[in-house]
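Residue-level listing of the chains:
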Amino acid sequence: MQKQIFTESNLQFKFNSNWKIKKYDEHPFYQAMSGVGMSAVDFVGIHPSEKLLLMEVKNFKSRSEKENLRTLEKLEGDSPLLLEILEEKVEETQKGIQAISQYLHKKWWCRTRFQLLDHPALQSYLLSIDRLFWMKAHQILRDFPNQVQLILWLELPEEMEAQRKFLQENLSKNHFESLPNAKIWSIERHDTFVEVK
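Residues numbered from 1 in each chain as written. Predicted model: local features only at pLDDT ≥ 70, side-chain atom pairs only at ≥ 80, totals over all residues. Heavy atoms only, no water.

Novice: Hey, could you run me through the overall build of the protein chain in this one?
Specialist: Helix and strand content of the protein chain: seven helices and eight strands. Out of the 197 residues in the protein chain, the part that is buried amounts to 48%. At a minimum sequence separation of 6, the contacts of the protein chain that also span at least 24 residues come to 67%. When the accessible area of the protein chain is evaluated, it comes to approximately 10,400 Å², of which 49% is carbon and sulfur surface. (Helix = DSSP H or I, 4+ residues; strand = E, 2+ residues; numbered from the N terminus. Buried < 20%, exposed > 50% of the residue type's maximum accessible area, 1.4 Å probe, protein only. Contact = heavy atoms within 4.5 Å. Areas by Shrake-Rupley, 256 points an atom, 1.4 Å probe, with all protein chains shown as cover.)

Novice: Looking at this structure, I do not really get the packing of aromatic side chains. What am I missing?
Specialist: Aromatic rings considered in pairs are described by the distance between their centres and by the relative angle of their planes. By the definition in use, this model includes ten aromatic pairs. Measuring from ring centre to ring centre gives 5.4 Å for Phe15 and Phe43, while their planes differ by 65°; the resulting arrangement is edge-to-face. In this pair, Phe15 is assigned in strand S2 (residues 11-15) and Phe43 in strand S4 (residues 43-47), connecting sequence segments 28 residues apart. Each of the two residues, Phe15 as well as Phe43, counts as buried. Taking 5.3 Å as the distance between ring centres and 50° as the angle between the ring planes, the aromatic pair formed by Tyr24 and Tyr30 counts as tilted. A relative accessible area of 1% places Tyr24 in the buried class. Residue Tyr30 is classed as buried on the basis of its relative accessible area, which comes to 9%. (Phe/Tyr/Trp six-rings, centres within 6.5 Å; stacked < 30°, edge-to-face > 60°.)

Novice: What's the story with the nonpolar core in this structure? I'm lost.
Specialist: Taken as a class, soluble globular proteins show a tendency for nonpolar side chains to be buried jointly. Residues Val44, Leu52, Leu54 and Trp134 are the most contacted members of the largest nonpolar core, which totals 41 residues. If you list the elements that add at least two residues to this core, you get helix H1 (28-34), S4, strand S5 (51-59), helix H3 (81-105), helix H6 (130-143), strand S6 (148-155) and helix H7 (163-175). Ignoring anything within four residues of it in the chain, the contact list for Val44 reads Lys20, Ile21, Lys22, Tyr24, Leu52, Leu53, Leu54, Thr93, Ile97, Phe133 and Trp134. (Core = buried A, V, L, I, M, F, W, Y, C linked by side-chain atoms within 4.5 Å.)

Novice: Help me out: how do you make sense of the environment of Val44 in this one?
Specialist: Following the sequence through the fold, Val44 ends up in strand S4. A residue is classified by how much of its surface remains accessible, and Val44, at 0% relative accessible area, is buried. Spatially, the C-alpha atoms of Val44 and Leu150 are 9.6 Å apart, while their sequence positions differ by 106 residues.

Novice: What am I meant to see in H3 here?
Specialist: Since the α-helix packs 3.6 residues into each turn, any two residues three or four apart lie on the same face. With 25 residues, H3 ought to run about 36 Å at 1.5 Å a step, and its terminal C-alpha atoms sit 36 Å apart, in line with that. Among all positions in H3, only Leu82, Leu83, Leu86, Lys89, Val90, Glu92, Thr93, Gly96, Ile97, Ile100, Ser101 and Leu104 are buried. (Expected span 1.5 Å × (residues − 1).)

Novice: Quick question: what am I supposed to make of H7 here?
Specialist: Here H7 has its buried residues at Gln163, Arg164, Leu167, Asn170, Leu171 and His175. The elements touched by buried residues of H7 are helix H2 (65-75), H3, S6 and strand S7 (183-185).

Novice: What exactly am I supposed to notice about the pairing of strand S1 (residues 4-8) here?
Specialist: Side chains on a regular strand alternate between the two faces of the sheet. Across the two faces of S1 the burial differs, with Gln4, Phe6 and Glu8 buried and Ile5 and Thr7 not buried at all. Hairpin geometry of S1 and S2 is characterised by an intervening segment of two residues between the two adjacent antiparallel strands and by a positive phi of about 55° at Ser9. (Pairing = 2+ DSSP bridges.)

Novice: Please explain the sheet that holds S2 as it appears in this structure.
Specialist: Either a parallel or an antiparallel arrangement is found when strands of a sheet pair, and the pairing is made through backbone hydrogen bonds. Read from one edge to the other, the open sheet built from three strands follows the order S1-S2-S8, with strand pairing classed as antiparallel. Looking at strand neighbours, the two that pair on one side only are S1 and strand S8 (194-196), the edges of this open sheet. For this sheet, the mean angle separating the axes of adjacent strands, direction not counted, is 25°. In this structure, S2 lies alongside S8, joined through three bridges in antiparallel fashion. Residue pairing across strands places Phe13 opposite Val196, the latter belonging to S8. (Axes fitted to C-alpha atoms, helices over the stretch in contact; angles between N-to-C directions.)

Okay, here's the thing in structure tokens:
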């Protein structure tokens, strides 16, 4: 099974081939919008089972003591700054995906090909077409919000690991009620669709 390999924050991510993955914050569509101050998550992915992945990576390991103090400030408090930043990135990513889809929907050939995504045999191939990927991402966001999986990939120095449980509780309770599948993962704690080193 061929894997898609990406590097982010000094970590290498290998996604299973049944996922179609885009490095959103480096994609030309996002680059065109970032000039107006929009932020973005690192990865957007689609699984043929109508699942959408939004993933942000933060690697705070191997930083200086001074940097670690600033990191700790982002992790503490009733509404941690890190989660507020993530919330903004997710909201603006969703707006960006919607804007991309609306732009593409104006093109008749995009609309015509998009209808072919209803055929399971063609779906994997069609999702590899960049423009159809973004239209499908918007459709899942709009029609199947419970199928959106938000992941904060968080690598912490050992002395900050105690913050992880608090952040996970805060993630779903205070920040992402509309995305019940929000999770915090790390190299030690994750599912099988992605390998990291």
